Amino acid sequence: QQPVQSPQAVILREGEDAVINCSSSKALYSVHWYRQKHGEAPVFLMILLKGGEQKGHEKISASFNEKKQQSSLYLTASQLSYSGTYFCGTGGPTGNQFYFGTGTSLTVIP
Amino acid sequence: DAGITQSPRHKVTETGTPVTLRCHQTENHRYMYWYRQDPGHGLRLIHYSYGVKDTDKGEVSDGYSVSRSKTEDFLLTLESATSSQTSVYFCAIGRVETGELFFGEGSRLTVL
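Residues numbered from 1 in each chain as written. Chains lettered and ligands numbered in written order. Predicted model: local features only at pLDDT ≥ 70, side-chain atom pairs only at ≥ 80, totals over all residues. Heavy atoms only, no water.

**Side note on the interface of chain A and chain B**
Contacts between chain A and chain B engage 19 residues on the former and 22 residues on the latter. Both faces combined, the contact of chain A with chain B buries some 1700 Å², and carbon together with sulfur accounts for 58% of it. Its largest share of buried area at the contact with chain B, chain A owes to A:N96, A:F98 and A:F100, together 31% of the area lost on that side. The tally of links between chain A and chain B comes to zero salt bridges. Counting residues per element, the ones that place at least two in the side of chain A that touches chain B are β4 (31-36), β5 (43-48) and β10 (98-100) of chain A. (Contact = heavy atoms within 4.5 Å. Buried area = accessible area lost by both parts, 1.4 Å probe. Salt bridge = Lys/Arg side-chain N within 4 Å of Asp/Glu carboxyl O. Helix = DSSP H or I, 4+ residues; strand = E, 2+ residues; numbered from the N terminus.)

**Regarding the packing of aromatic side chains**
Any two aromatic rings considered together are summarised by their centre-to-centre distance and by the angle between their planes. Evaluation of the coordinates by the stated rule reveals 12 aromatic pairs over all chains. On the numbers, 6.2 Å between centres and 25 degrees between planes, the contact of B:Y33 with B:Y35 is stacked. Accessibility assignment for this pair places B:Y33 and B:Y35 in one class, buried. Ring geometry for B:Y64 and B:Y89: centres 5.9 Å apart, planes at 65 degrees, overall edge-to-face. Here B:Y64, found in the loop between β6 (54-57) and β7 (65-70), pairs with B:Y89, found in strand β9 (residues 87-95); they are 25 residues apart in sequence, far enough to count as distant. Of the two residues, B:Y64 and B:Y89, neither departs from the other in class, the shared state being buried. Ring pairing ties together the aromatic residues A:Y34, A:F44, A:F98, A:F100, B:Y33, B:Y35, B:Y48, B:Y50, B:F90 and B:F103, which thus form one cluster. (Phe/Tyr/Trp six-rings, centres within 6.5 Å; stacked < 30°, edge-to-face > 60°. Buried < 20%, exposed > 50% of the residue type's maximum accessible area, 1.4 Å probe, protein only.)

Shown next as structure tokens:
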């Protein structure tokens, strides 16, 4: 039931943009995004509840295409602080279960 | 801080021994979750709870059991630990209305 994320890893220079994709073979009822820094717990970034919804968080935004069962996370003008592993998560039909993708490691270098 | 703590934070044990991990919250949230994190697999749901004595299985529940006798405590038990259960275990509490999960700091378990 795990969503699939791509790419698995990406290296950026400061100021560059990146896109992380999340797709599911099962229906997506909601999509949420988390960031985890090395040795720390995952931290919530945002949730998207409706098909076609887009949200933003500082220079990080996301879209959710319910019909395609896909979501994308957009990081613009990346900063060193953006480094970490990004996880997409999907809620189950009852909203009680949360399943996470395999993660995308993002490294921003000077 | 979301008021969630895990114990122990680190444990080394031997194959075949029972292990219990504890998750404690001070937020009075109804939903609590146990995940394990392994390289290449991300976060995988083991069990979750939607109230006192109400629990359900996740995607990797074999070899694990849980109990929730009080709102604030959610216990994860490995009845007979195996080396494949070596992992980092995260507990989370959830605000279902917002979809936001707050994670504990994790418990690193090594089974020799």
